[in-house]
Amino acid sequence: MAKELDKNWDYNSVEDKIYKKWQEKKAFAPKGGGTPADNFTIMMPPPNVTGVLHMGHALTFTLQDILVRYNRMKGKNTLFQAGTDHAGIATQMVVERQLDAQGISRHDLGREKFLDKVWEWKEKSGSTIVEQQKKIGTSADWDTARFTMDDGLSNAVKKVFIKLYNDKLIYRDNRLVNWDPKLNTAISDLEVEQVEVKGSMWYFKYPIVGETDKFITIGTTRPETLFGDTAIAVHPDDTRYQDVVGKQVKLPFTNRLIPIITDEYPDPEKGTGAVKITPAHDFNDNEVGKRNNLEYITVMNKDASMNENATAEFNGMDRFDARTLVVKRMEEMGLLVKIEENLMTVPYGDRSKVIIEPLLTEQWFVNAEVLAKPALEAVRSGKTKFIPENWNKTYYNWLDNIQPWCISRQLWWGHQIPAWYTENGEIVVAENEEQAYEIAKKDHGENVKLTQDPDVLDTWFSSALWPFATLGYPDNTQRLREHYPSTTLVTGFDIIFFWVARMMMMGIYFMDEVPFENVLVHALVRDEHGKKMSKSKGNVIDPLEIIEKYGSDALRFTMTSMAGQGRDVKLSESRVEGYRNFTTKLWNASRFCLMNEAKLDDDFNPKDVKLNLNKWIISKVINMGRDVAHGIDSFRFNDTANAQYQFTRGTFCDWYLELTKPVFYGDDQELIKETRSTIAWVLKHTLLYLHPVMPYVTEELYANIFASDENDMLITKEWAEFNDDLISEDAQKEVDWLIETITSLRSARDELNIAPKNLTPVVVIDANEQTKSYINNNKNVFERLTRMESITIGGNKDEVSKGAIQVNIFEATWFVKVAGIVDISHEKNRLEKSLEKIMKELGGINGRLSNKKFVDNAPKDVIDGVKAQQSELELKKNKANESLERLKSLM
């Protein structure tokens, strides 16, 4: 039973109420049954428990939710698997900061009590991001949400680690890693920020052994690592150094002799072409060291202070203090050649904000090369598809050149590595301590003593198991059988390697099947000028503030409309405001329908409608539904939003509802009844087709207009699909003609500033029989919507043209009588001034676009903006010229 709608769409008071109802009615739960091929499954990329909603989240959760809501309405057993990530470093830092404020360190508490504190924080504050996800309408199955350190996932992590270890794919090794000297842990590349800074390049000369006063000069940005140099390298094709290759140099401070070698790594065009090689403190040098069998000498401690290998003078000194002193001593020895300013990138820890040190440490590694091969083949063979396809290249590039994956972290919060050591250092891998002792006693006797490895696993290790561990692995559960592999993964490009590739590797290895069919890679959300959002720039847009101001639907629709494949989203608040107005338009149109007693009769059949206008709108809404579905199915979300917007705002609100007014003002009761039912039928399907993108306003309108009871919800309705029986080509042709004609006639009146109160007679000549039929069918519509006094078909062209402006529409010519209404001289003067202004602006625009310096140097978005201005001015120019031509016929 339809209720009276409030005057305004009050999203702030309604959205939470609607979401709560969806949850109470279990609307997000999968219905069960079927196979992965029949079902639809999305694995939510688990946000960090420390996280807060940002615009990147808003985009990815919106796109995921559109897919989920649409497929749920298509009747599929749909699972939107929710959960959060324990976020090792981030979470540990949050709790450590809280303890620091109390003057307590984690070491004061000890590991066990510190972890109790972390769990307390997680229970209290770890759900913030989940509640924020709900604000944007995310319809995930929260009842089965997982956490990467819950009991089930912890069990899966142990099982996976043990199998990989037993299969000799996990091992310990002393390798170079990103070392954070503040947090005292290895970190992943993703946790390293490359910051551009103005630094220095120091040029030192090293004495060549056996040559009097002969040196080789190298450039370095890191003088403090000099103590670990084990070679000087030059390019094999660099003729400048051919006579010294194979000789040795004496390393300053240590007097150690190191060789001059050739390697492809040095660039003859950079610096002197000769570089110092420090394999234990630089990733590139490390590779050179491997190729040339060089010695690895570590010269720093884990806190980034210099160690005993840096000689007694520098031992214990901070690395940057050591840098200053090395330069000073080199200058004193006459070995400093020059210092140059140098723009360079420096690695910083994204959490600690200190400079990262490449450091040789004993860590746990995964043999990723072996796991990568089937993961590469899965994409190459098309089992898993990247959308857009160009991301295949990025995926191939990373996996073709994959290195061993360092999976250990020197933290306390995380999955503690299930490995124990005997007193003589032998490794025992087991699920728990009891099992470890059982294994150890067999080989080492009853008195063996074990110590568990204190390190934890990289957060990405547990995240890599997300597609199957969340479904019950290692048990063969019904959920695992129904939802693995999942259908589509939606993610950002920045974690294709760190997460997507690792899920592919783990999924194929442990489930013998790819974890997902499609990987949809969405773009970045930038500000309206295309700049990356950052607090320092002051251009961050907070999604929660936007939702509070404009509603969730407005933000969701904005994101959807701008989510073109391969294009970054350039977000402005004004765009969101514009789409808030769109939701308001839909609300007001629904109120209009109710005020005109639009009601869906039980016996209404859209096949039986008689009026072409009603046949037309039924055809249009069905086509809109098809376009929306095609956009979602092909991951062209902007096409979906465009179809929804053009139909709802333009076709339905601006035209159909306007064109029905003459029907309602008439006295044909059968047509009025048919039109009321048609309006209701079309509105109902409009809400249905809008729902995946704009769930709140559509659910509220459905509840107030169409719901039979409180259990009748739009979210649970089946997606409506129709065959072509309801598509009327004749009705579409006629009403589309009608709209085009009305638009042209209105435009001609507007150009000449003819007031609505001034009714104008119209004569049409050269009309074909079809056009004559259309005119006769719609005379009352023309008279009402184009402010016509009368409309006549046929006449003498010379006669009817007197005192009339001429409008050419298709094959016919329409003469609008304006004599005595239009001040010709005044309008001519106004139009000429307007044209003059347009031509002046257009000249400036054309000048900019013909300026090679501007075109070569201006950002693409600026050039695109100027070209858009050019197109707009060209249209205005043409319109002004047309109006002047029309005026000539009156002079």
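Residues numbered from 1 in each chain as written. Predicted model: local features only at pLDDT ≥ 70, side-chain atom pairs only at ≥ 80, totals over all residues. Heavy atoms only, no water.

Our next topic: the packing of helix α18 (residues 543–550) against helix α20 (residues 573–595). Direction vectors running N to C along α18 and α20 enclose 35°, while the axes themselves pass 10 Å from each other. Taken as a pair, α18 and α20 cross one another with a handedness that is right-handed. Every residue of α20 that contacts α18 at Ile546, Lys549 and Tyr550 is listed here: Glu573, Val576, Glu577 and Arg580. In terms of residue class, the contact of α18 with α20 is built from 3 nonpolar, no polar and 4 charged. (Axes fitted to C-alpha atoms, helices over the stretch in contact; angles between N-to-C directions. Helix = DSSP H or I, 4+ residues; strand = E, 2+ residues; numbered from the N terminus. Left-handed = near helix turned anticlockwise from the far one by under 90°. Contact = heavy atoms within 4.5 Å. Nonpolar A, V, L, I, M, F, W, Y, C, P; charged D, E, K, R; others polar.)

What follows covers the packing of α20 against helix α24 (residues 695–705). Between α20 and α24, whose axes approach to 11 Å, the crossing angle comes to 10°. Classified by the angle between their axes, α20 and α24 sit roughly parallel to one another. Note on element contacts: α24 touches α20 through Val697, Glu700, Leu701 and Ile705, opposite Thr583, Leu586, Trp587, Ser590 and Leu594. Considered class by class, the residues forming the contact of α20 with α24 number 6 nonpolar, 2 polar and 1 charged. (Parallel < 35°, antiparallel > 145°, perpendicular 65-115°, else oblique.)

The next point concerns the state of the cysteines. Counted under the stated rule, the structure contains 0 disulfides. For Cys593, which is in no disulfide, the shortest distance to another cysteine sulfur is to Cys653 and amounts to 8.0 Å. (Disulfide = S-S within 2.5 Å.)

All told, the structure shown has 43 aromatic pairs when counted by the stated rule. Centre to centre, the rings of Trp119 and Phe147 are 5.8 Å apart; their planes meet at 80°, and the pair counts as edge-to-face. Taken as a pair, Trp119 in helix α5 (residues 111–125) and Phe147 in strand β4 (residues 146–147) lie far apart in primary sequence, 28 residues in all. Among the residues examined, Trp119 registers a relative accessible area of 31% and is labelled partly exposed. (Phe/Tyr/Trp six-rings, centres within 6.5 Å; stacked < 30°, edge-to-face > 60°. Buried < 20%, exposed > 50% of the residue type's maximum accessible area, 1.4 Å probe, protein only.)

This part is about helix α1 (residues 11–24). Compared with the 20 Å implied by 1.5 Å per residue over 14 residues, the 20 Å span of α1 between its first and last C-alpha is a close match. Among all positions in α1, only Tyr11, Val14, Glu15, Ile18, Tyr19 and Trp22 are buried. Taken end-on, α1 shows its buried residues confined to a sector of 130°, consistent with a single buried face. Of the residues in α1, the exposed ones pointing more than 90 degrees away from the buried face are Lys20 and Glu24. Packed against the buried residues of α1 are α2 (55–73), α6 (128–135), α18, α19 (552–561), α20 and α24. (Expected span 1.5 Å × (residues − 1). Arc of directions from axis to C-beta.)

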